[in-house]
Amino acid sequence: MKRLHNFSFFCKTVSSTRSPRPHDAALLFAVLPYSASATAAGAASTTGKRMFMAQYLVDSCGFDQEKVTEVSKLLNGIESRQQPDSVLAFLKRYGFDDASVKKLLHYFPKCLLLDVEKTLAPKFRAFEDLGLSPSDIVHLVRSNPFTVKMKHESTVPKIEFWQDLLGSKDALVKLVKRSPVIFTYSIEKKIQPNLELLRECGLEGPKLAFMLRNCPLIVARNADFLKSLISRTEDLGVPRTSGMFPCALFALYRVSPEKIKMQMELFRTFGWSGDDFVVAFQKCPTFLQKSSMSLQRKMEFLINEAGYVSSYIATRPVLLTLSLERRLIPRHRILATLKSRGHCERDYKVTTYMVNSEAQFIEKYIILYKDKYPDLSELYASLNHSNASESGLQ
């Protein structure tokens, strides 16, 4: 501004003087070249900083030459290695490998501008106070680099909010590990309104905790989506007052309307009516989460080999949630073997021996007959290697 003022004064001097003096011309050329040289010097300085950061990103952060130009433009304020080196050293101390650092910097290159002591260290300490180990923190940042970009002042209140909501630090740690994006959502604009909507449906206390543990991002979705989900649940015969409502809501959150239609068609081929499908959903909504191929194979086994009628399975849909290879086939064939030898002749309810815990099944159907039929143990092991080894059967 001072030089512009001098230039203006010079112009006035020239205009008021009839014959220009030699030193006037000298003054003119003394002013104008200075401005041009300053601009050139500034441009050269900026170019030099970019070249420095571009080379630094390649040498220290593993960036490719073709991708480094755009990132280096955002880091013009760095003139020496001291600042970025301090950030990289801090990240390395927490266990970030080269790939993790590169991913973080691709998303948030200005991380290299952060003050370690004032910004990064307090944020990471907050995660440690939450109960996350250094490896957990690396996983959190890799999964959601936005957590580093967030201000420390906004991160801590979100940690406190979720911990109070879930009731324990351990529950919050599990939530963060499963859904690291959870801290990116606004509590006031997104989470609180959806929580109120769920509470209107009677989801309080343990029911709400169940929903958040198993499906935390349901409260981060659009409010219209959540309202539609509630409506679909009620349309399938599960009212808000039902104890099965949280489970049904969770199941429909995981399964699209298109997939449900496909599964309804699948079960029609096995003789289910629309009412059969609704009854099955009301009793065990989570069977919908299984793939169509898995459901088809289980239905074929239960009808063709185990001999159960289709409508019987509709009233016991929990069977469709059990593993075919590790539960349904091995247990059915053990019972069939015992029946062929004159035992278990009465009609055992399929849900009794299929739903029993592994220890209960072995005690009741293997160990009880061990002296008389020692081959049962080997047969069961051959049918289900994983269950046999876990139970100590040889």
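Up top is the structure these notes are about.
1. Thoughts on empty space enclosed by the protein
If a probe as big as a water molecule is rolled over the atoms, it shows which places are left empty.
Okay, so step 1: Applying the stated criterion to the full structure yields one cavity of 30 Å³ or more.
Okay, so step 2: Roughly 30 Å³ of volume is contained in the largest cavity.
Okay, so step 3: What lines the largest cavity is Met264, Phe267, Arg268, Trp272, Ser273, Gly274 and Phe277.
Okay, so step 4: Secondary structure elements with two or more residues in the lining of the largest cavity: α15 (257–268) and α16 (274–283).
Okay, so step 5: Here the lining of the largest cavity gets three residues from one element, more than from any other, and that element is α15.
Okay, so step 6: Here the lining of the largest cavity is built from residues that sort into four nonpolar, two polar and one charged.

2. As for the packing of aromatic side chains
Okay, so step 1: Taken as a whole, this structure holds 16 aromatic pairs when the rule is applied.
Okay, so step 2: Centre to centre, the rings of Tyr94 and Phe124 are 4.8 Å apart; their planes meet at 75°, and the pair counts as edge-to-face. Taken together, the residues Tyr94 in the loop between α4 (82–93) and α5 (98–107) and Phe124 in helix α6 (residues 116–130) connect sequence positions 30 residues apart. Each member of the pair, Tyr94 as well as Phe124, carries the same accessibility label: buried.
Okay, so step 3: For the pair Phe161 and Trp162, a centre-to-centre distance of 5.7 Å together with 85° between the ring planes defines the contact as edge-to-face.
Okay, so step 4: For Trp162, a relative accessible area of 0% translates into the label buried.
Okay, so step 5: Linked through ring pairs, Phe90, Tyr94, Phe96 and Phe124 together constitute an aromatic cluster.

3. Concerning helix α13 (residues 223–235)
Okay, so step 1: With 13 residues, α13 extends 18 Å from end C-alpha to end C-alpha; this agrees with the ideal 18 Å at 1.5 Å per step.
Okay, so step 2: Three or more residues of α13 are buried, namely Leu226, Leu229, Ile230, Arg232 and Thr233. Along the axis of α13, the buried residues cluster in a sector spanning 160°; they form a single face. Facing away from the buried side of α13 by over 90 degrees, the exposed positions are Asp224 and Asp235.
Okay, so step 3: In this structure, the buried residues of α13 make contact with α11 (187–200), α14 (245–254) and α15.
Okay, so step 4: For α13, the N-terminal capping position is held by Asn222, with its side-chain oxygen 2.7 Å away from the main-chain nitrogen of Asp224.

4. Brief notes about the packing of α15 against helix α17 (residues 292–305)
Okay, so step 1: Taken N-terminus to C-terminus, the directions of α15 and α17 make an angle of 20°; their axes are 11 Å apart at the nearest point. Overall, the two elements α15 and α17 adopt an arrangement that is roughly parallel. Note on packing geometry: the crossing formed by α15 with α17 is right-handed. Residues Gln263, Leu266 and Phe267 of α15 pack against Ser292, Leu295, Gln296 and Met299 of α17.
Okay, so step 2: Taken together, the residues of the contact of α15 with α17 sort by class into four nonpolar, three polar and no charged.

Definitions and cut-offs
- Residues numbered from 1 in each chain as written.
- Predicted model: local features only at pLDDT ≥ 70, side-chain atom pairs only at ≥ 80, totals over all residues.
- Heavy atoms only, no water.
- 1 Å grid on protein atoms, 1.4 Å probe; cavity = no way out; pocket = protein on both sides within 12 Å on 5 of 7 lines; lining within 4 Å.
- Points joined across faces, edges and corners; volume = space filled by probe spheres on them.
- Helix = DSSP H or I, 4+ residues; strand = E, 2+ residues; numbered from the N terminus.
- Nonpolar A, V, L, I, M, F, W, Y, C, P; charged D, E, K, R; others polar.
- Phe/Tyr/Trp six-rings, centres within 6.5 Å; stacked < 30°, edge-to-face > 60°.
- Buried < 20%, exposed > 50% of the residue type's maximum accessible area, 1.4 Å probe, protein only.
- Expected span 1.5 Å × (residues − 1).
- Arc of directions from axis to C-beta.
- Contact = heavy atoms within 4.5 Å.
- Polar contact = N/O pair within 3.5 Å; in protein donor to acceptor, adjacent residues only side chain to side chain.
- Axes fitted to C-alpha atoms, helices over the stretch in contact; angles between N-to-C directions.
- Parallel < 35°, antiparallel > 145°, perpendicular 65-115°, else oblique.
- Left-handed = near helix turned anticlockwise from the far one by under 90°.

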